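# Report on the structure
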Amino acid sequence: MTHHAFGAAVVHSALPLPSLPRLPDDAPGLPITVELAASGIPDDTPWQHHWLDGDEALLSLARQGEGYWLRVPGQADFLVHLDPCRVQAWPTREPPPDAATLEHLLVDQILPRVLAQLGGTLIHASAVRIGARQVLFAAPSGWGKSTLAGLLHRAGHPVLSDDCVQLQLDPVGRVRALATYPSLRLNTDSLQALFPDQADTAPVAHYTDKRRVPVPAPADAGQPTPVDAIYLLGDPAQDGDDVRIEPAHPAAICLALIRHSFRLDLGDRAASAAQLRQCGAIASAVPGFELHYPRDHARSDALLEALFAHLATLPPASPSALAAPFAATPTTTSTPR
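Notes on the structure follow. Please read all numbers here as calculations on a predicted model, not as lab measurements.

## Focus on the sheet that holds strand 7 (residues 76-82)
Ordered by their spatial adjacency, eight strands build an open sheet running 1-2-3-8-7-6-5-4, and the pairing between neighbours is mixed. The sheet is open, and its two borders are formed by strand 1 (2-6) and strand 4 (49-53), each paired with just one other strand. For this sheet, the mean angle separating the axes of adjacent strands, direction not counted, is 20°. Where strand 5 (residues 56-64) lies against strand 6 (residues 67-72), five bridges are found, and the strand directions are antiparallel. When the sheet's bridge partners are listed, leucine 61 is paired in strand 6 with leucine 70. Along the sheet, helix 1 (residues 99-117) contacts strand 1, strand 2 (9-13), strand 3 (30-36), strand 4, strand 5, strand 6, strand 7 and strand 8 (85-91); its crossing angle with strand 7, the most-contacted strand, is approximately 30°.

Below, the structure is given as structure tokens:
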């Protein structure tokens, strides 16, 4: 077993997870064990939910006693137990998925949903530290989160995560973020535009041309750090030729956070109610904005200039918000009904 950080969790894994930060054997945190399963999902399993891309199922869920089956069609099945938390993987294709693909499925799909079911708020967003500020960029897949995070990284601003971040409320009501993994996942065109000489990239999965670009994690990457702003990226097809940053109502931020949240059991009413409360509290505590800009690498300087100028207008964080870290483990860990 190797031991890794993933948000508030400590992942004890029998499978290689090189994109996750390593931890000592006795590191504190919510334990999640990852191992190989003895078998896959039975053929007659009744599916409860499908996550779709058009008409194609990208991920399917079924109940299995007090746990869940998850299937990534044509790739692997995953059996999830919640008490104690254990994820078992079973490759379903021949030849089996390579190690990079299996890690991608675990890190980018399965683990965020499992941690969310255990009470965490996991958001499909990039987290970047810009000067003394930490900001989130939320958007659907393909709208430019990772490319924007890569642009900021190239400009010298640390990336905490390019795809998923865990949000928590501290005892004084300040929203803090925990990174899931410090890397970038970039399409070939963005990789060539931003890092044409980058040699130490790795494949994300065998079915995509995206590459993982390693980025150094900040020294405090394992600690919850305050969130100063949330930016909702505009639709690339409608954003036009100008950079625009407009205030967003907390209700719009709340709905966006719910829309971009990772979930496991969508039929769990208690979890849905908790998600609404958490997203509402986050949206009320953090300034939110819409960020519209042309997806044109030649205009990156104008985008950064506008973003930095806008951040400079935000009020400074209160000293109490920068107090010593609080406990990062979710408080809701019982098996849901």
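## Here's the deal with the environment of histidine 260
You can see histidine 260 is positioned in the loop between helix 4 (250-259) and helix 5 (269-285). According to the relative accessible area criterion, histidine 260 is buried, its value standing at 8%. Once the C-alpha coordinates of histidine 260 and aspartate 25 are considered, the two residues, 235 residues apart in sequence, prove to be 33 Å apart. Once residues within four sequence positions are removed from consideration, histidine 260 is found in contact with Leu122, Ile123, His124, Ala138, Ala139 and Pro140.

## Looking at unusual backbone geometry
Glycine aside, residues mostly have negative phi, and peptide bonds are mostly found in the trans state. For the bond from aspartate 83 to proline 84, the omega torsion is 0°, close enough to zero to count as cis. Of note, the amide linkage connecting glutamate 94 to proline 95 takes the cis form, showing an omega dihedral of -5°. Structurally, proline 95 is set in the loop between strand 8 and helix 1.

## Structural notes on the pairing of strand 6
For strand 6, the buried fraction is high: five of the six residues fall into the buried class. The antiparallel pairing of strand 5 with strand 6 creates a hairpin that spans two residues between the two strands, and glycine 65 there sits at a positive phi of about 65°. Where strand 6 meets strand 7, five bridges bridge the pair, whose relative direction is antiparallel. Residue pairing across strands places tryptophan 69 opposite leucine 79, the latter belonging to strand 7. Between the end of strand 6 and the start of strand 7, which pair antiparallel, lie three residues, with glycine 74 showing a positive phi angle near 75°.

## What about the sheet that holds strand 19 (residues 229-233)?
If you walk across this open sheet you meet the six strands as 12-10-11-19-21-20, and the pairing is mixed. Here the strands that pair on one side only, and so sit at the sheet edges, are strand 12 (159-161) and strand 20 (244-247). Averaged over all adjacent pairs, the angle separating strand axes in this sheet is 25°, with direction ignored. For strand 20 and strand 21 (residues 288-292), the ladder comprises four bridges, and the chain directions are antiparallel. Bridging across to strand 21, arginine 244 finds its partner in histidine 292. In the packing of helix 4 onto the sheet, contacts are made with strand 19 and strand 21, and the angle to strand 19 comes to roughly 70°.

## Describing the environment of phenylalanine 78
One can find phenylalanine 78 in strand 7. Residue classification places phenylalanine 78 among the buried positions, given a relative accessible area of 0%. For phenylalanine 78 and threonine 33, which are 45 residues apart along the polypeptide, the C-alpha to C-alpha distance reads 12 Å. The residues touching phenylalanine 78, leaving out its near neighbours within four places in the chain, are Tyr68, Trp69, Leu70, Val72, Val87, Gln88, Ala89, Leu102, Leu105, Leu106 and Ile110.

Parameters at a glance
Residues numbered from 1 in each chain as written. Predicted model: local features only at pLDDT ≥ 70, side-chain atom pairs only at ≥ 80, totals over all residues. Heavy atoms only, no water. Pairing = 2+ DSSP bridges. Helix = DSSP H or I, 4+ residues; strand = E, 2+ residues; numbered from the N terminus. Axes fitted to C-alpha atoms, helices over the stretch in contact; angles between N-to-C directions. Contact = heavy atoms within 4.5 Å. Buried < 20%, exposed > 50% of the residue type's maximum accessible area, 1.4 Å probe, protein only.

Keep in mind that these numbers describe shape and distance, not what the molecule does.
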